[in-house]
Amino acid sequence: MRRGRTGILVILAVVVVVVAAGVAVVWRPSLARETTTPSFPSQQVTRGAALAAIGNCITCHTKADGVPFAGGRAIETPFGTIYSVNVTPDHDTGIGGWSEAAFRRAMKDGVSRDGHHLYPAFPYDHMTRMQDDDIAAVYAFMMTRRPVHAEAPPNDLPFPFNFRPLIAGWKLLFLDRDATQPDTAKGPEWNRGAYLVEGLAHCGACHTPRNALGAEKTDEPYAGGESDGWIAPALNAASPAAVPWDAARLYNYLRHGFDAMHGIAAGPMAPVVNNLDAAPDKDVHAIAAYVADVVRPTPEKQAEGRKVVARLDDHAAASPSNHPGAAIYIGACAQCHGSLGRSPANPALNLALSSTLRMPQPDNAVRIIREGIRPAEGAGPIMPGFAAALTEQQLTTLLEFLRSQFARQSPWPDVAASVHRTLGNPTQEARSAQ
Amino acid sequence: MMTLKINGKTHDLDVEPDTPLLYALRDELSLNGAKFGCGLGQCGACTVLLDGQPAFSCVIPISLVQNREVTTVEGLGTAGAPGALQKAFIEEQAAQCGYCIAGMIMRAQALLAVNRDPTDDDIRRHMQPNLCRCGTHTRIVKAVRRAARTLRTAAASAADRG
């Protein structure tokens, strides 16, 4: 009897401890609603604007044709659709009632003001590495935007993903709150770059592959990922670039959206570099310096890059190929991209330099040919989309030709299937343009 | 020999397969509605419909459009019997120099085929690839709106009669 009672007490104690631990992991308090509108020194707001630009906040927190930062953009994830929230300082639907402490908690711990856990589609696994004064500056910037009344549509997530307390478990497993420690062996520029790239700029959110639970694979940093139906190419030694990236070329690309040896920023990377317009030059240099150190091309890649550059001009003299795709290329592409015996009227990228044609799958090439590339206003000529011009079969033939002629790589495994898959899955940008 | 289906008629042309569709239309068939603007797919003056989708005919070799339906502005109506969009562009006087208008009408045609009640935002977004240097845009939007109204009214009266 006595033993039995002790047993029950032990079980009860265990249950209490487990429940308490569970509550400690899951429960987060609601933070008091701010009723006054805080004011900020203009210098802090300006600094916050530059930081928000590096963080690319506006891209996810703005829907197509929507008011900047008013949210409502659908973020497609393997678990369902999440809608970005309104981060303008509207009191009812935005973050108007958020104190700086609440904003900081959201950035570092992924918890909303009212205590609910936020989905990691919001990259707090990176933002958590930000310094408090930088978070305060971004807060000052957001709170001085024009408040917009806009409620995000409810998320479309099936059970169990719609049960937010589970996110607390995800955080136990994957949220590493430790700030990036400066590497004293490296200079201040590299360290500044590391701080921005690993934190605010959250480059790994797209360029690092994710595991089955949607967390970045920390043992494969920058090995290539996915973004809105586009391949986010590897930035590490597996980078598909024809000529390996270095700090100077990364700077060109990030600062101007274009590098002569790599081409123009397209797809989801286009808004990233557009936003970087507002970033200070030295931060763009720092990001380039750090990413260049991630790239670390092998000596073979360096040599291959030199070979590609050396034979660039040969293409202009090359005799027309008898591949059926060559005729399509000559008729539709050569007047801008040149080569195969015609000199370009409107020099676009020599496709021997194309990273897209060297990627392991043709998905990005399919999207670019179909949707075209529309650089930021005034940044250069557009590439027209050929969606209406090319049938699936014609596009497949063209891609096979481009891969062998310009990338000189083994054929993509199943181009026709990839074309078909991409057709059924237009990107957000293309959907809103329709 | 290249076989083109244009505005419902079949044409056999003795031209190189990499001839741009625009050149075939203008130089071989005297279908001069579509214009040569930039020749690089930047301006939209050469827009025609390919299987109903708007496309830049200046950057499309005719080898790609064998046996596909090409529609040009001549296919929408004549000076004596203009189509709904052509009539609306005339009524709204939606042209200054007129160079872009055939392309504008063809792109608008693709919109009205799928959306009979477009908002101004729909129209602006859809027409965005086509440029007009004279600044006739507000009239173009009005003309597209007017044509949509005409088509809706016609559809409603047809339904009443049915």
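Residues numbered from 1 in each chain as written. Chains lettered and ligands numbered in written order. Predicted model: local features only at pLDDT ≥ 70, side-chain atom pairs only at ≥ 80, totals over all residues. Heavy atoms only, no water.

Structural notes on the environment of Gly44 of chain B
All names here are of chain B. Topologically, Gly44 is positioned in the loop between helix H1 (21-28) and strand E3 (47-50). Each C-alpha atom, one on Gly44 and one on Asn130, is 4.5 Å from the other, the two residues being 86 residues apart in sequence. Discounting chain neighbours no more than four positions away, the residues touching Gly44 are Phe56, Gly103, Pro129 and Asn130. (Helix = DSSP H or I, 4+ residues; strand = E, 2+ residues; numbered from the N terminus. Contact = heavy atoms within 4.5 Å.)

Observations concerning a negative patch on the surface
All names here are of chain B. A cluster of acidic side chains, namely Asp14, Glu16, Asp27 and Glu28, defines a negative patch on the protein surface. Its location among the elements puts Asp27 in helix H1. Residue Asp27 is classed as exposed on the basis of its relative accessible area of 57%. (Patch = residues over 30% accessible without salt bridge, like charges linked within 9 Å, V, L, I, M, F, W, Y side chains within 5 Å. Areas by Shrake-Rupley, 256 points an atom, 1.4 Å probe, with all protein chains shown as cover. Salt bridge = Lys/Arg side-chain N within 4 Å of Asp/Glu carboxyl O. Lys, Arg positive; Asp, Glu negative; His and termini not counted. Charge placed at Lys NZ, Arg CZ, Asp CG, Glu CD. Buried < 20%, exposed > 50% of the residue type's maximum accessible area, 1.4 Å probe, protein only.)

Examining the interface of chain B and chain A
If you look at the interface, chain B gives 20 residues, while chain A gives 21 residues. Approximately 1600 Å² of surface area, both sides summed, lies buried where chain B meets chain A, with 54% of it carried by carbon and sulfur atoms. In terms of surface lost to chain A, no three residues of chain B exceed Leu40, Leu64 and Arg125 of chain B, which account for 34% of the buried area on that side. Grouping the amino acids of the side of chain B that touches chain A by side-chain chemistry returns 11 nonpolar, 6 polar and 3 charged. (Buried area = accessible area lost by both parts, 1.4 Å probe. Nonpolar A, V, L, I, M, F, W, Y, C, P; charged D, E, K, R; others polar.)

Here's the deal with the packing of helix H16 (residues 363-371) of chain A against helix H18 (residues 415-423) of chain A
All names here are of chain A. Put simply, H16 and H18 touch, their axes get as near as 9 Å, and they point 60° apart. Classified by the interaxial angle, the pair formed by H16 and H18 is oblique. Considering how the two elements wind past one another, H16 and H18 form a crossing that is right-handed. Taken together, the residues of H18 that come into contact with H16 (itself represented by Asp363, Val366, Arg367 and Arg370) are Ser418, Val419, Arg421, Thr422 and Leu423. (Axes fitted to C-alpha atoms, helices over the stretch in contact; angles between N-to-C directions. Parallel < 35°, antiparallel > 145°, perpendicular 65-115°, else oblique. Left-handed = near helix turned anticlockwise from the far one by under 90°.)

A look at the pairing of strand E4 (residues 53-56) of chain B
All names here are of chain B. Sheet topology note: the E3/E4 ladder contains 4 bridges and is antiparallel. Within the sheet, the bridge partner assigned to Leu50 lies in E4 and is Gln53. Linking E3 back to E4 in an antiparallel pair, the connection comprises 2 residues, with Asp51 at a positive phi of about 45°. (Pairing = 2+ DSSP bridges.)

Some words on the pattern of salt bridges
Across all of its chains, the model carries 27 salt bridges over all chains by this definition. Here Lys108 of chain A makes a salt bridge to Asp132 of chain A, at a shortest N to O gap of 3.0 Å. Linking Lys108 of chain A in helix H4 (residues 100-109) with Asp132 of chain A in helix H6 (residues 132-143), this pair joins segments that are 24 residues apart in sequence. Judged by its relative accessible area of 39%, Asp132 of chain A is partly exposed. Between Arg124 of chain B and Asp121 of chain B there is a salt bridge, and its shortest N-O distance comes to 3.8 Å. Of this pair, Arg124 of chain B and Asp121 of chain B both sit in helix H4 (residues 120-127), 3 residues apart, roughly one helical turn. Residue class for Asp121 of chain B comes out partly exposed when judged on its relative accessible area of 48%. A single salt-bridge network, built from bridges that share partners, covers Lys87, Glu91, Glu92, Lys142 and Arg146 of chain B.

Observations concerning the packing of aromatic side chains
All names here are of chain A. Tallied over the entire structure, the rule returns 12 aromatic pairs over all chains. Grouping aromatic residues by their ring pairs yields a cluster made of Phe40, Phe103 and Tyr139. A cation over an aromatic ring shows up here: Lys171 above the ring of Tyr124, its NZ or CZ 5.1 Å from the ring centre. (Phe/Tyr/Trp six-rings, centres within 6.5 Å; stacked < 30°, edge-to-face > 60°. Lys NZ or Arg CZ within 6 Å of the ring centre and 35° of its normal.)

Things to note about a nonpolar patch on the surface
Nonpolar side chains collect at one region of the surface, where Ile11, Val15, Val19, Val23 and Trp27 of chain A lie side by side and expose about 500 Å² of accessible area between them. Here Val19 of chain A shows up in helix H1 (residues 2-26).

Quick look at the confidence of the model for chain B
Of the residues in chain B, 99% reach a pLDDT of 70 or more, and the chain-wide mean stands at 95. For this predicted complex, the interface score ipTM comes out at 0.89, while the overall pTM is 0.90. (pLDDT = per-residue confidence, 0-100.)

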